[in-house]
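Analysis of the macromolecular model
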Amino acid sequence: MDPHPQAPTAPPAPPTPRATTRAPAPSTHVRSLVLVLVGALALLALLAPLLAPGALAAPPGSVEIDDAQGVIDDTDALEGRLQDIDLREAAAPVDLKVVTLDISGHDADPSADTGLNDAVLHFARSEHPDWIDGEKWADGVVILAIDPDNRKVGTYAGEDVKLSDGDFEDVQDAMKDDASDGAWADAFDAGAQKYADLLGRPWWRSPGAIIGAFIALVALGAGAVAALARGAGSRRRVRTARERFDNVRAKRQETDQAASRIPRDSSYGATILADVEDYRRAVDEAETTSSALPARPGPLWGIGPASARRAKEFATSVEVADRADDTIIGAARLLGRSGDFRSAWEEEQRPLDESLAAVEQTIAEVLDPADAHTEFDSDSDSDTHGEQGATTDSDAAAGLRSTARQVSSDLEEVSTAYLDGGISPDDALERLDELTERLSVASERLRDEAIGVRTQDEDEAKVMRDAEPEHFTSDFPTSVRGRQFARHPQDYVSGYSLSPVLWTGAWYGGATTALDTHRNPPASSGSTSGYSGGGFSGAGSSSSF
């Protein structure tokens, strides 16, 4: 017998069946992206025929130059250049007419939108009646016209060779750069080249067809790019929101404790308690959304609308909570005069401090005599209104200075009383609101005076009154008074602003810009078709350069 018997060997475990692994099906957003790219490639293939050469052109017609203004240096050279341009039209040759004239010399009004149209028609009737057939331009006729003195270009054509309104305008646009430089021959050459291109091409080579096809292609490509950009933005938004949410969570206990200390009998505290409800709702929403987000979003996460929407909802909730917690904590210190309540008080009076510091600069900007308009007739009553109002020593300026001095003195008094415990926090905040209201009223008088100085009628005054402040970047996000004003604006006087003088300075920038735009609207670059006289209805239009 073996003195060292071996332990029985366990039978080998049956082999584990090999699992059949299958590649995961593509996600919805991946499939969408693939479909967009495939569609873009297919459309690109369809665009290829649009770039093919057009049909052979018919023989060119005649070229006639009538340079009444004598601005073309070498008409023979220009005629040769124009003869080489193939005005492609299968039905018949095209007779190109090149004209320079002065609108005022052809029984037409240079200031009228139809001035050049009328002048060309008058010129044709008196000098070239063969260009006209009844109440239309004759078939086969194309006219390019320029008035150098009145800076107008025009294009006109017979019914069989006319272009669309938009194409007529394109020809004029092709002429304008050279016309602006006084290169008249080059302007006519560019116009003829453009006309030939627009007239002779098949429909599928028109700008509408090509642009439409490319727009579709670009849209598909843009869709793919936008999806990728949306994904990258969503992932970035989630990363940033998570960092902010970590801060919100870290301050959650402090914020809840601060909320419990806000006096329920304080009118200002009631506003902050409403913010507490918003804060708690935002935190709960952020927690719920956060749990539905992937811990580590993949490289394609967020390109789909649903995931992008979740990322945005998460970021929005976090932003509300992160903004509210500082307000709640500051309000608890301010209303309970606890902790760092001095910093909280400084935040409340900061808007007034900034406005008081800006009084002289704002008066100088808003009522600077050199900046006032002097467009009135010197013999009119309005001239006195404009010149007398444009002074930094005006009644409104003096009133604002006086109010600012009183407010500054009273503000120091109120601040000392609050910090020393001489008045309650609610009474101190009410006094700040009163001081702000007084400064707002004085600032509004300054705005009214500026409007009176710079406007000529009620329409202009309305433009300035309705203008939005320009670059008004000062804000007071954690101010208790600011939250009160935001929730109950109806309780404040018209024109009230938390920092009224700063607001007035910013308003003036926007108001003067709006007034300048009102007085000098952007010139329209569109063409004007038609003729002032009745009856004639030939195709064509003109525009300025």
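Residues numbered from 1 in each chain as written. Predicted model: local features only at pLDDT ≥ 70, side-chain atom pairs only at ≥ 80, totals over all residues. Heavy atoms only, no water.

The next point concerns the overall build of the protein chain. Within the protein chain, the secondary structure is distributed over 17 helices and eight strands. Residue burial in the protein chain is summarised as follows: out of 545 residues, 41% are buried. Contacts in the protein chain between residues at least 24 apart in sequence constitute 76% of all its contacts with a sequence separation of at least 6. With the model as given, the accessible surface of the protein chain reaches about 28,300 Å², and the carbon-plus-sulfur share is 51%. (Helix = DSSP H or I, 4+ residues; strand = E, 2+ residues; numbered from the N terminus. Buried < 20%, exposed > 50% of the residue type's maximum accessible area, 1.4 Å probe, protein only. Contact = heavy atoms within 4.5 Å. Areas by Shrake-Rupley, 256 points an atom, 1.4 Å probe, with all protein chains shown as cover.)

Right, let's talk about a negative patch on the surface for a bit. Negative charge collects at one region of the surface, where Asp73, Asp74, Asp76 and Glu79 lie side by side. Checked against the element boundaries, Glu79 lands in helix H2 (residues 75-83). Residue Glu79 is classed as partly exposed on the basis of its relative accessible area of 31%. (Patch = residues over 30% accessible without salt bridge, like charges linked within 9 Å, V, L, I, M, F, W, Y side chains within 5 Å. Salt bridge = Lys/Arg side-chain N within 4 Å of Asp/Glu carboxyl O. Lys, Arg positive; Asp, Glu negative; His and termini not counted. Charge placed at Lys NZ, Arg CZ, Asp CG, Glu CD.)

Moving on, we get to the packing of aromatic side chains. Centre-to-centre distance and the angle between the planes together describe a pair of aromatic rings. Counted according to the given criterion, the structure contains 13 aromatic pairs. With a centroid separation of 5.9 Å and an interplanar angle of 90 degrees, the aromatic rings of Phe245 and Phe314 are classed as edge-to-face. Here Phe245, found in helix H6 (residues 207-250), pairs with Phe314, found in helix H9 (residues 305-336); they are 69 residues apart in sequence, far enough to count as distant. In this structure, Phe245 and Phe314 share a single accessibility class: buried. Centre to centre, the rings of Tyr531 and Phe536 are 5.1 Å apart; their planes meet at 85 degrees, and the pair counts as edge-to-face. By relative accessible area, which is 6% here, Phe536 ends up buried. (Phe/Tyr/Trp six-rings, centres within 6.5 Å; stacked < 30°, edge-to-face > 60°.)

Time to look at the pairing of strand E2 (residues 95-100). The element E2 is largely enclosed, with a buried count of five among its six residues. Across six bridges, E2 lies against strand E5 (residues 141-147) in parallel orientation. The residue of E5 that forms the bridge with Val98 is Leu144. (Pairing = 2+ DSSP bridges.)

Taken together, six strands build an open sheet; the order of strands is E1-E2-E5-E6-E8-E7 and the sheet is mixed. One side of each edge strand has no neighbouring strand; the edge strands of this open sheet are strand E1 (63-67) and strand E7 (528-529). Of the strand pairs in this sheet, E7 and strand E8 (residues 539-544) are connected by two bridges, and their pairing is antiparallel. Residue Ser529 lies in a different strand from E8, and its bridge partner there is Ser541. Against the sheet, H2 touches E1 and E2, its axis set at about 145 degrees to E1. Against the sheet, helix H3 (residues 115-127) engages E1, E2, E5, strand E6 (152-157), E7 and E8, with an angle of about 55 degrees to E6. (Axes fitted to C-alpha atoms, helices over the stretch in contact; angles between N-to-C directions.)

Turning to helix H7 (residues 252-261), its buried residues number three or more, namely Thr255, Ala258 and Ala259. Projected onto a plane normal to the axis of H7, the buried residues spread over an arc of 100 degrees and lie on a single side. Along H7, the residues that are exposed and aim more than 90 degrees away from the buried face are Gln253 and Ser260. Contacts from the buried residues of H7 go to helix H8 (267-292) and H9. (Arc of directions from axis to C-beta.)

So, on to the side chain of Thr289. Its location among the elements puts Thr289 in helix H8. In contact with Thr289, other than residues within four places in its own chain, are Arg310 and Phe314.

Residues Arg236, Arg237, Arg239 and Lys312 make up a contiguous surface patch of positive charge. Considering each element in turn, the positive patch owes the most residues, three residues, to H6. Note on placement: Arg239 falls in helix H6.

With that settled, consider the nonpolar core. The tendency in soluble globular proteins is for nonpolar side chains to be buried as a group. Judged by nonpolar contacts, the single largest core of 65 residues is most densely connected at Ile328, Trp345, Leu400, Leu429 and Trp507. Among the elements that make up this core, the one with the highest residue count is H9 (12 residues). In this view, Trp507 contacts Arg447, Ala450, Ile451, Met464, Arg465, Ala467, Glu468, Pro469 and Glu470; residues no more than four positions away in its chain are not counted. Listed in part, the 31 residues of the second largest apolar core include Val94, Val171, Ala185 and Ala187. (Core = buried A, V, L, I, M, F, W, Y, C linked by side-chain atoms within 4.5 Å.)

This next bit is on the pattern of salt bridges. Summed over all chains, the structure comprises 28 salt bridges. A salt bridge links Arg249 to Asp246, with the shortest nitrogen-to-oxygen separation between them at 3.9 Å. Taken together, the positions of Arg249 and Asp246, both in helix H6 and three residues apart, correspond to about one turn of that helix. In this structure Asp246 comes out as partly exposed when scored by relative accessible area, which is 46%. Between Asp326 and Lys251 there is a salt bridge, and its shortest N-O distance comes to 2.5 Å. One end of the pair, Asp326, is in helix H9; the other, Lys251, is in the loop between H6 and H7, and 75 residues separate them in sequence.

Let's shift gears to the environment of Ile146. Mapped onto the secondary structure, Ile146 falls in strand E5. The spatial distance from the C-alpha of Ile146 to the C-alpha of Asp102 is 8.5 Å, given a sequence separation of 44 residues. The contact partners of Ile146, leaving out residues within four places of it in the chain, are Val99, Thr100, Leu101, Lys152, Val153, Met175, Trp184, Ala187, Phe188 and Phe545.

Phi is mostly negative for residues that are not glycine, and the peptide bonds are mostly trans. Of note in the backbone geometry, Asp107 takes a positive phi value of approximately 55 degrees without being a glycine. Examined against the element boundaries, Asp107 turns out to sit in the loop between E2 and H3. When its relative accessible area of 70% is taken as the criterion, Asp107 is described as exposed. In the Ramachandran plot, Arg151 falls in the positive-phi region, its phi being about 55 degrees despite a non-glycine side chain.

Take the environment of Ser234 next. Note that Ser234 resides in helix H6. When the C-alpha positions of Ser234 and Gly304 are compared, they lie 9.8 Å apart, and in sequence the two are 70 residues distant. Residues in contact with Ser234, not counting those within four places in the same chain, are Trp301, Gly302, Ala308 and Ala311.

Geometric values such as these leave the question of function open.
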